[in-house]
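Observations on the model geometry
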Amino acid sequence: MWLDPDDVAACVADPIPPGGGPAPTSPPVYQTSLFSFADFGSLVAGLESEHEQTVYSRGRNPTVRAVEDRLAYLERGDGALCFGSGMGAIAAVFYGTLKAGDHVLFVNQTYGPTLQLARYLERFDVRHDVCLDLDPEAVRRAIRPETKLVWMESPGSMTFRVLDVPAVCEIAAKRGVTTCLDNSWATPLLQKPLELGVDIAVHTATKYLGGHSDLVAGAVVTSAGRIERLFYDTYLLSGATCAPWTAWLLLRGMRTLPARLAQHERDGLLVAEFLAAHPRIAAVHHPALNGDPSLVERQLRGFSGTFGFSLDTDEFSRVAGFIDRLERFRIGVSWGGVESLVLSPARPGSPSPLVRLSIGLEGADLLIADLDRALSAS
Ligand SMILES: *Cc1c(COP(=O)(O)O)cnc(C)c1O
């Protein structure tokens, strides 16, 4: 893992305010719905630049702004908008980029609800396709004249395959197509999509950024012009605003993001290597083990601790039995918190050998022993 020292410092501490007076190490929570003005003219001026000014907390709020500024810095964007959830951020990009007749191309395995929202948008005559062939030539062929948005995940959901992001961005840029990458897995510390040529980065902050499974939030990071348009077109009107308390918790969670990621990576790799050597495991889906090493090196500064593997069976009862025998992994959706989690897309009648682990901070030895026991008991 190679972290930019300035990124680490930006996560850990707020900038020291000028003036030299005593400064809090933690910012105040502006728990207010509105901001009042000394005179009516100032309110009118505030409303004219509401994307910058604090007028009403469905728009800008200083506590939310503090986390937005931090994310914008870490992602090397001009600005950021924080949302009430990752899906709020994703929906805002869809609504702000697409209109009837447009087409979206999803490249790589995509987060399920993102695709569900795309299916919902069919009723507004927005079409989409999914391209699971990661060869940039396949992406080029899949772009249509009406494609307005190329949506990427890298590493992708569930199978964690790494995409050649700059190659896809180059193809999209030649066609004038906007690109967006869901960077939730890597966080801005481990992958900087805007530097790879992506127009818009989106995040769920619910996972690694918050890091403690105690908040739901999301973010968009992009250029100043796109932030301004998204603010007026969708942020202010869709109402999927991040609450000040949530923003404060998120800032607090992000202070330990560099330290947490270091352990998630180390222990995740130890568990992945253990599984790769186990006779009951058919495949391990971790970008360190299944990714093209030159792509991984160019795009990722390290690995987080969420990855998948395939058991040697897809029989539902056996996959469920294995999961139920685990004692150190909680069974639940989501990932990226301090506690280890296990999940599978397997359902009765829809078999799958896939299992996803989110490696927490309990320690690799304990987790490996638990997996070993659960595997040998089946
Ligand atoms: C969880 C998740 C989201 C959605 O975030 P929420 O905060 O749950 O709305 C989006 N993308 C990915 C990759 C996710 O894992």
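Our subject in this report is the structure included herewith. Since the model is a prediction, treat every value here as computed from it, not as a measurement.

1. Focus on the sheet that holds strand S10 (residues 330-331)
What links the strands of a sheet is backbone hydrogen bonding, and the strands pair in either a parallel or an antiparallel sense. The strand order S8-S9-S12-S11-S10 describes an open sheet built from five strands, whose pairing is mixed. Looking at the sheet topology across the chains shown, the edges are occupied by strand S8 (281-285) and S10. The pairing of S8 with strand S9 (residues 306-311) spans four bridges and is antiparallel. Among the inter-strand pairings, Ile281 is bridged to a residue of S9, identified as Leu311. Here helix H11 (residues 257-276) sits on the sheet in contact with S8, S9 and strand S12 (354-358), set at roughly 10° to S9.

2. Let's talk about unusual backbone geometry
Look at the link from Ser154 to Pro155: it is a cis peptide, with omega at -10°. Structurally, the position occupied by Pro155 is in the loop between strand S4 (147-153) and helix H7 (165-174). Positive phi outside glycine occurs at Asp125, with the angle close to 65°. With respect to the helices and strands, Asp125 occurs in the loop between helix H5 (112-120) and strand S3 (127-131). Using a relative accessible area of 35% as the deciding quantity, one classes Asp125 as partly exposed. Of note, Met158 is a non-glycine position whose phi angle comes to about 65°, a positive value. Tracing the backbone through its elements, the reader meets Met158 in the loop between S4 and H7. Looking at Met158, the relative accessible area reads 19%, which means it is buried.

Thresholds, definitions, all that
- All residue numbers refer to position in the chain's written sequence, counted from 1.
- In view of the model being predicted, local features appear only for residues whose pLDDT reaches at least 70, and side-chain atom pairs are presented and counted only at 80 or more, with totals across whole chains, interfaces and linings using the full set of residues.
- Calculated side-chain values reflect all of the structure's heavy atoms, with hydrogen atoms and water omitted.
- Pairs of strands are assigned from DSSP output, requiring at least two bridges between the strands.
- Labels follow the DSSP assignment, with helices taken as runs of H or I lasting at least four residues and strands as runs of E lasting at least two, numbered in each case from the N terminus.
- The contact rule is simple, with two residues in contact once any of their heavy atoms fall within 4.5 Å.
- Think of each axis as a best-fit line through the C-alpha atoms, taken over the contacting stretch in the case of a helix, with angles from 0 to 180 degrees between the N-to-C directions.
- Three exposure classes are used, based on accessible area relative to the maximum for each residue type with a 1.4 Å probe and protein chains only: buried under 20%, partly exposed in between, and exposed over 50%.

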